[in-house]
Amino acid sequence: MIEGHGDDIYLYPGIRMNFSSNIYGHADLNGLKAFLNARMDVIGSYPEPQPYSLERIIARKHGIPDGCVLATNGVTEAIYLIAQAYSGGHGNPYTIEHPTFSEYADACNMFGMRPAGKDDTSRKGSIAWLCNPNNPTGSVYTQEAVGEYIQRHGLVVIDQAYEDYTKARIMSPQEAVQADNVVQLHSMTKTYAVPGLRIGYITAAEHIVREIRRYARPWTVNSLAIEAGKFLIANNRPAITDLDGYLQEAQRLKRELNSIPHIHAGETETNFMLVRIMNDTAARLKEYLAAKHGILIRDASNFDGLDCHCFRIAAQCREENDTLIAAIKKYQE
């Protein structure tokens, strides 16, 4: 899906409050900006063809061998590399539970894979994709559910892009490496609120990383992104400095939305949530909020399994959340 993701703020001049992206919009990036400003000379040379220096730092952070990490240009590049590496060349089956991030299916279809059918009972060649926490619902798979997937499938890809936006139990990189048929996707984009830099990475057993790396293009992670990744890990300041308080605010936002007639916000274990407007379409609500209030939400109707009434929002600061609540109430008057 080249078009249709969230955070299409480039289409809406005048946006003051962005609820469309799942990333917290108030992270303090001043230290990173100052660091990158002082490192601008690196753009005069090619980056490492493969960002091994960053991968070694990531491996040390997680306490896993260097060969168990592959840095990528955001999680999306990792998704397409995995689909290419494990397509089998003859339509290996894949399993995806909807609604979820569209790029898993897009990547599988691009490389000739097919949705798993009733006869696909063998683990050999099958690949399952899990988003945990799941986008757009904010739900989290239990460890028992993840374990069942690991038992049933030849390879399980667990996209943990939002792992630092929940208090729920999430599989660790050490556990993924030991599982031997698990690929984890991690997003520094989400953890540190730097979506413009595109920094992601894979953690998996060494033989899996080796196979995926065979398809990696050179120089996809640029010099500034490599420097930023090293700085962010060294300083270890996630975008959310008070996760407990932030998640409490997300739950308050959910309760307030559910008090509005014809609005239903679903359960969530993270900062974002799936919402339904029963008496109108999400597209019309989105256009109203953008035009009249400078507020951007994510029309979620293009997720498989959802309809025209669904939209997604991510909690921001209390003042902005209250502004969104008031604007939706006004729309429903």
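In this report, the structure presented in the accompanying data block is examined. (Residues numbered from 1 in each chain as written. Predicted model: local features only at pLDDT ≥ 70, side-chain atom pairs only at ≥ 80, totals over all residues. Heavy atoms only, no water.)

In terms of regular secondary structure, the protein is built from twelve helices and 13 strands. Expected size for 333 residues packed as a compact globule is a radius of gyration near 20 Å; at 20 Å, the protein falls within 12% of this value. With respect to the three principal axes, the spread of C-alpha positions in the protein is 60 × 55 × 35 Å. Buried residues in the protein amount to 56% of all 333 residues. If you take every contact in the protein between residues at least 6 apart in sequence, the share linking residues at least 24 apart comes to 75%. Counting every atom, the protein has about 14900 Å² of accessible surface; 51% of that belongs to carbon and sulfur. (Helix = DSSP H or I, 4+ residues; strand = E, 2+ residues; numbered from the N terminus. Rg over C-alpha atoms; globule rule 2.2 N^0.38 Å. Buried < 20%, exposed > 50% of the residue type's maximum accessible area, 1.4 Å probe, protein only. Contact = heavy atoms within 4.5 Å. Areas by Shrake-Rupley, 256 points an atom, 1.4 Å probe, with all protein chains shown as cover.)

What follows is about the pairing of strand β10 (residues 272-277). Most of β10 sits out of view: five of its six residues are buried. One ladder, built from three bridges, connects strand β9 (residues 263-265) with β10; its direction is antiparallel. Paired with Ala 265 across the two strands is Val 275, which belongs to β10. Linking β9 to β10, which pair antiparallel, is a turn of six residues. The pairing of β10 with strand β13 (residues 310-314) spans five bridges and is antiparallel. Paired with Val 275 across the strands is Phe 311, a residue of β13. (Pairing = 2+ DSSP bridges.)

The antiparallel open sheet is built from four strands, whose spatial order is β9-β10-β13-β12. In this open sheet, the two edge strands, each paired with only one partner strand, are β9 and β12 (298-299). Where helix α10 (residues 243-258) meets the sheet, it contacts β9, β10 and β13, and its direction lies at approximately 155° from that of β9. (Axes fitted to C-alpha atoms, helices over the stretch in contact; angles between N-to-C directions.)

Attention now moves to the packing of helix α1 (residues 30-38) against helix α9 (residues 223-235). Here α1 crosses α9 at 135°, and the two axes come no closer than 10 Å. By the angle between their axes, α1 is oblique relative to α9. Seen from above, α1 lies across α9 with right-handed handedness. Contacts between α1 and α9 involve Gly 31, Leu 32, Phe 35 and Leu 36 from the former and Leu 224, Glu 227, Ala 228, Phe 231 and Leu 232 from the latter. (Parallel < 35°, antiparallel > 145°, perpendicular 65-115°, else oblique. Left-handed = near helix turned anticlockwise from the far one by under 90°.)

Two elements in contact, helix α3 (residues 74-85) and helix α4 (residues 103-110), have axes separated by 8 Å at closest approach and are oriented at 35°. Taken as a pair, α3 and α4 cross one another with a handedness that is right-handed. Contacts between α3 and α4 involve Thr 76, Ile 79, Tyr 80 and Ala 83 on the former and, on the latter, Glu 103, Tyr 104, Asp 106, Ala 107, Cys 108 and Met 110. Considering only residue class, the contact of α3 with α4 consists of seven nonpolar, one polar and two charged. (Nonpolar A, V, L, I, M, F, W, Y, C, P; charged D, E, K, R; others polar.)

Okay, the nonpolar core next. Within the largest apolar cluster, 39 residues are counted, with the highest numbers of intra-cluster contacts made by Leu 257, Leu 289, Ile 297, Phe 311 and Ile 313. Contributing elements (two or more residues each) for this core: α10, β9, β10, α11 (282-293), β13 and α12 (318-331). Per-element accounting of this core gives the leading share, six residues, to α10. Here Ile 297 is in contact with Phe 19, Ser 20, Leu 285, Lys 286, Leu 289, Phe 311, Arg 312, Ile 313 and Leu 324, once residues within four sequence places are set aside. (Core = buried A, V, L, I, M, F, W, Y, C linked by side-chain atoms within 4.5 Å.)

Aromatic ring pairs are reported here in terms of the distance separating the ring centres and the angle at which the planes meet. On inspection of all chains with the given rule, the structure shows nine aromatic pairs. Ring plane angle 20° and centroid distance 5.4 Å describe the contact between Tyr 104 and Trp 129, whose orientation is recorded as stacked. In this pair, Tyr 104 sits in helix α4 while Trp 129 sits in strand β5 (residues 127-131), placing the two residues 25 residues apart along the sequence. An identical accessibility class is assigned to Tyr 104 and Trp 129; each is buried. Counting every residue linked through ring pairs, the aromatic cluster contains Phe 101, Tyr 104 and Trp 129. (Phe/Tyr/Trp six-rings, centres within 6.5 Å; stacked < 30°, edge-to-face > 60°.)

Take the pairing of strand β2 (residues 69-72) next. Burial along β2 is two-sided: the face carrying Val 69 and Ala 71 and the face carrying Leu 70 and Thr 72 are both buried. Where β2 lies against strand β8 (residues 200-204), four bridges are found, and the strand directions are antiparallel. Looking at β8, one finds that Leu 70 is bridged to Ile 202.

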